[in-house]
Amino acid sequence: LNKNNVAEKLSEILGLPLEVIEKKLGRTIRIMSYKGIDYAVLREDLGKYREGTTILLDDEKIIHGYPSIQRLALLEGVPLHMIDEIVVEEKMDGYNVRVTVTSGRVVVAITRGGYICPYTTARINKLYGDKIKEALREYEDIVLAGEVVGTENPYVVYEYPEAGGFDYFIFDTLKDGKLLPLRIRDEITEKYGLKHVPVLARLRKDDLVGLKKVIDDLDRRRREGVVIKDPEHRVPPLKYTTIYINIRDIQEGMKYPFDEGRGYLFSRIVRLICQVYEYNITGEELNRLAERLGKAILLPAVESLKERSKGRLIAATYKLVFPSEEDLNDYLEFIEELGVEAVVKIVGVSSRGIEVELMKLKDTHGYYSKILETGYSPLD
Ligand code: ATP
Ligand code: MG
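Residues numbered from 1 in each chain as written. Chains lettered and ligands numbered in written order. Predicted model: local features only at pLDDT ≥ 70, side-chain atom pairs only at ≥ 80, totals over all residues. Heavy atoms only, no water.

### A short note on the packing of helix α8 (residues 257-278) against helix α9 (residues 283-309)
Direction vectors running N to C along α8 and α9 enclose 175 degrees, while the axes themselves pass 13 Å from each other. Taken together, α8 and α9 sit at an angle that is classed as roughly antiparallel. Residue-level contacts link Pro257, Leu265, Ile269, Leu272 and Val276 of α8 to Leu286, Leu289, Leu293, Ile297 and Ala301 of α9. Grouping the constituent residues of the contact of α8 with α9 by class yields 10 nonpolar, no polar and no charged. (Axes fitted to C-alpha atoms, helices over the stretch in contact; angles between N-to-C directions. Helix = DSSP H or I, 4+ residues; strand = E, 2+ residues; numbered from the N terminus. Parallel < 35°, antiparallel > 145°, perpendicular 65-115°, else oblique. Contact = heavy atoms within 4.5 Å. Nonpolar A, V, L, I, M, F, W, Y, C, P; charged D, E, K, R; others polar.)

Now the structure itself:
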């Protein structure tokens, strides 16, 4: 793959001047390869193209980034932004994966950041490879977008009983980067035996009582929240998460306080402030919530510091199951190329494949080490 060729090719596919491409190659535009499929990744917005856009170079095909979803602080905002009817879908807590088929009829799974993830690709192929190929033969120019959830992945670990370790739930279909009416997703998933995210309700936009009932139920079931959509995507969707998950996120994040950063904590506190206001939580109930919040902030962080003081690594551990050795090698090559700091251990081989434990070292490890060594605070 020759650098000039790539620049010219990208300039042509994206319709952007060659100078722009040449200037951006390397940092903003990264060239990658997966099983001989050469592709470019946009690591930032470029012209009209969103961050996370992938360009398959041989196919000359653009897989647009999945659009960012506006978050609601107050459910009262729903009638202000929607048109008439709303579809309330479950927001599943995993990671965003777009799926497409290359001209060589290889099904590839692309992460939010625009990379073909060899692990995700291998697992989705094993589960749905044939079905997806058939579906995308009929719906040629469509890209599937969905959430991979479960406990066996290197990104977001959250248990879903219905996912059995790893599963893929489609939430949208895209054409030329535009979200298509929800019925297209329902049609494809139904016809080809694929799964879609649960549709929890169809409501009038001003039915806040109905909407709150859906969210209360999710909160009790320890689910993440909802994405509220216009059935035709005539206006952009909105997202809203439960009190339960806002606190749980803090609790998870605060295991590694120097990784998630202050923005992570503050944004979730703002969500809770608005929830206390809108749900009119007062008295004893408010005290209990405040206690949960305080514990979620302090306890995991202290626990990690104690662990570090005993000489343990502060790392996030993931369990992965690779269908084949080749899949494992592709993945190892991939994380090395991305410069992910990780320790990989093979823990066993079963009928499902090769079981691997992946440990990603956290920045908190270094910060805590320094604090313990010097006694200095890294912050004023
Ligand atoms: P952003 O705010 O840019 O969308 P983020 O990483 O902060 O990205 P989230 O807060 O998790 O994302 O919310 C948006 C994401 O929710 C989507 O990108 C998608 O991965 C996920 N998601 C889960 N369920 C759905 C659903 N039913 N419809 C749309 N997206 C969903
Ligand atoms: Mg998410």
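### Some details on the pattern of salt bridges
One pass over the structure, following the stated rule, counts 27 salt bridges. Between Lys229 and Glu89 there is a salt bridge, and its shortest N-O distance comes to 2.7 Å. Note that Lys229 is positioned in strand β13 (residues 225-229) and Glu89 in strand β6 (residues 85-91), a separation of 140 residues in sequence. As far as the burial class goes, Lys229 and Glu89 line up, both buried. Salt-bridge contacts for Glu307 lead to Arg312; the nearest nitrogen and oxygen are separated by 3.1 Å. Relative accessible area serves as the criterion here: at 22%, Glu307 is assigned to the partly exposed category. Residues joined by salt bridges that share partners form a network here, namely Glu89, Asp172, Arg185, Asp186 and Lys229. (Salt bridge = Lys/Arg side-chain N within 4 Å of Asp/Glu carboxyl O. Buried < 20%, exposed > 50% of the residue type's maximum accessible area, 1.4 Å probe, protein only.)

### Brief notes about the packing of aromatic side chains
Considering all chains together, one arrives at 11 aromatic pairs under this definition. Summarising the aromatic geometry, the rings of Tyr119 and Phe166 are spaced 6.0 Å apart at their centres and angled 80 degrees between planes, so their arrangement reads as edge-to-face. Of this pair, Tyr119 sits in helix α4 (residues 118-138) while Phe166 sits in the loop between β9 (143-149) and β10 (167-175), and the two are 47 residues apart along the sequence. The class of Phe166 is buried, set by a relative accessible area of 3%. (Phe/Tyr/Trp six-rings, centres within 6.5 Å; stacked < 30°, edge-to-face > 60°.)

### As for the pairing of β10
For β10, a buried count of 8 out of 9 residues is recorded, marking the element as mostly surrounded by other parts of the structure. When β9 meets β10, the two strands line up antiparallel, connected through 7 bridges. Note that in β10 the partner of Gly146 across the bridge is Ile170. Across 2 bridges, the pairing between β10 and strand β11 (residues 178-179) is antiparallel. Paired with Lys175 across the strands is Lys178, a residue of β11. (Pairing = 2+ DSSP bridges.)

### Looking at helix α11 (residues 363-374)
Over its 12 residues, α11 extends 17 Å from the first C-alpha to the last, a length consistent with the 16 Å expected when each residue adds 1.5 Å. Looking only at α11, the buried set comprises Thr364, His365, Tyr368 and Ser369. Taken around the axis of α11, the buried residues stretch over an arc of 135 degrees, which confines them to a single face. Exposed side chains of α11 directed beyond 90 degrees from the buried face belong to Asp363, Lys370 and Glu373. For α11, the secondary structure elements touched by its buried residues are α8, α9 and β17 (353-361). (Expected span 1.5 Å × (residues − 1). Arc of directions from axis to C-beta.)

### Overview of the sheet that holds strand β14 (residues 238-241)
Across the sheet, which stays open at both edges, the 5 strands sit in the order β5-β14-β13-β6-β12 with mixed pairing between neighbours. Looking along the sheet, the strands with just one partner apiece sit at the ends: β5 (70-71) and β12 (199-204). Strand direction decides the pairing type here: β6 and β13, joined by 5 bridges, are antiparallel. Bridge pairing in β13 links Val87 to Lys229.

### Points about the environment of Glu341
Topologically, Glu341 is positioned in the loop between α10 (325-338) and β16 (342-350). Linking Glu341 and Lys295, residues 46 residues apart in sequence, is a C-alpha distance of 30 Å. Excluding residues that lie within four positions of it along the chain, Glu341 makes contacts with Met359, Lys360 and Leu361.

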